[in-house]
Amino acid sequence: MSLDDPITDFRRRSVDVEGVVKTVYVAGSGPAVVLMPEMPGISPDVLRLARWIRDAGFTVHVPSLFGRDGAYPTVEDGEKVVRRACVSAEFRAFAGGGTSPVTTWLRGLARQAHAECGGPGVGAIGLCFTGNFALTMALEPAVVAPVVNHPSLPLDDPAGLELSEADALAVRERVRRDGLKVLGYRFEGDRWCTGRRFAAYRALLGDAFDGRVLPGGVAREDPPPFFRDVVGTPHSVVTAHLVDEEGHPTLAARDEILAFLAGALGVGHQGP
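Here's a quick rundown of the structure. Everything quoted here is computed from the prediction, not taken from an experiment.

### A look at the environment of Gly160
Structurally, Gly160 is set in the loop between β6 (143–149) and α5 (165–178). Remark: the alpha-carbon pair of Gly160 and Phe10, spanning 150 residues in sequence, is separated by 35 Å. What Gly160 contacts, discounting residues up to four positions off in sequence, is Leu153, Pro154 and Arg197.

Set out below in structure tokens:
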């Protein structure tokens, strides 16, 4: 079956972190940014964002964590991926589960990427299912620019954060000690990432959390079938629900994220 995006302009690597090997797609030059896929996988919309990051002067690293790389998810395939992820030992999808173990691997990826690419540190962007992973990755000192986009975990607690108590306290201490800033985005009316979730981030991080909310009515009206029929609400601000038109609020959100990365990582941001 042919892919919707063959990903031929990325270098395909096998990255080993403490004996765990995963595929990572890498492109660009400059400081590293780890872009984690949204559920249910590395879709063409996620790759479009990766290319914008690359073109803005960064080395983008996109780890394959679930789904079929380069494909638009169908409803049936997407639901299967979600079910598998929810029972996987790597993820903690529900309240009370604490921090997802896969974030340990992602922190190792950030360390390796920083050693290779140099610069003041690494950016980390989470999307949907991986949204909060960007915050957890800040437990790695190399991560200096975390962006949490529409974080959806835990799925059964709209006011919860996908963090163990110990990790939450450690992140708060990192913010206090290093002056770390955390950028976040969601749509108003998103049932997967609610205002209560952003309130929990503010309670944990205080003024260090910059949570921005876009009106639900500006979301793309014709997203791919999985997002239309399963997600069923404005959700993916800079991927599946982005409207690629000059002056559009979702495109402005993309530019704000690139500027945030540029400021933290020392890149002269010229736009994608």
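Structure shown, so let's carry the discussion forward.
### Quick notes on the nonpolar core
Core analysis: the largest hydrophobic core is formed by 47 residues, its most contacted members being Met36, Phe91, Phe129, Leu135, Met137 and Leu205. Sorting elements by how many residues they give to this core places helix α3 (residues 102–117) first, with six residues. Apart from residues lying up to four places away in sequence, Leu135 is in contact with Val148, Leu163, Val171, Val182, Tyr201, Leu204 and Leu205. Core analysis: the next-biggest nonpolar cluster, separate from the first, contains 39 residues, Val33, Ile42, Ala253 and Leu258 among them.

### Some words on the pairing of strand β4 (residues 59–63)
Side-chain positions along a regular strand alternate between the two faces of the sheet. For β4, the buried fraction is high: five of the five residues fall into the buried class. Residues Thr59, His61 and Pro63 of β4 are buried on one face, and the alternating residues Val60 and Val62, pointing to the opposite face, are buried as well. Relative to β4, strand β2 (residues 20–28) is paired through five bridges, and the arrangement is antiparallel. Looking at the pairing, Ala27 lines up with Val60 of β4. Across three bridges, strand β3 (residues 32–35) lies against β4 in parallel orientation. Bridging across to β4, Ala32 finds its partner in Thr59. Taken together, β3, helix α1 (residues 44–55) and β4 form a β-α-β motif whose crossover is right-handed.

### Section: the pattern of salt bridges
Applying the stated criterion across every chain yields a total of 17 salt bridges. Measuring nitrogen to oxygen at the nearest pair gives 2.5 Å for the salt bridge that ties Glu173 to Arg176. Of the two residues, Glu173 and Arg176 are both situated in helix α5; the distance of three residues between them amounts to about one turn of the helix. A salt bridge links Asp229 to Arg228; the shortest N-O distance between them is 2.8 Å. Bridged by salt links that share partners, the residues Asp5, Asp9, Arg51, Arg54 and Asp55 form one connected network.

Procedures and definitions
Residues numbered from 1 in each chain as written. Predicted model: local features only at pLDDT ≥ 70, side-chain atom pairs only at ≥ 80, totals over all residues. Heavy atoms only, no water. Helix = DSSP H or I, 4+ residues; strand = E, 2+ residues; numbered from the N terminus. Contact = heavy atoms within 4.5 Å. Core = buried A, V, L, I, M, F, W, Y, C linked by side-chain atoms within 4.5 Å. Buried < 20%, exposed > 50% of the residue type's maximum accessible area, 1.4 Å probe, protein only. Pairing = 2+ DSSP bridges. Right-handed = clockwise from strand over helix to strand, strands pointing away. Salt bridge = Lys/Arg side-chain N within 4 Å of Asp/Glu carboxyl O.

These figures capture arrangement, not role.
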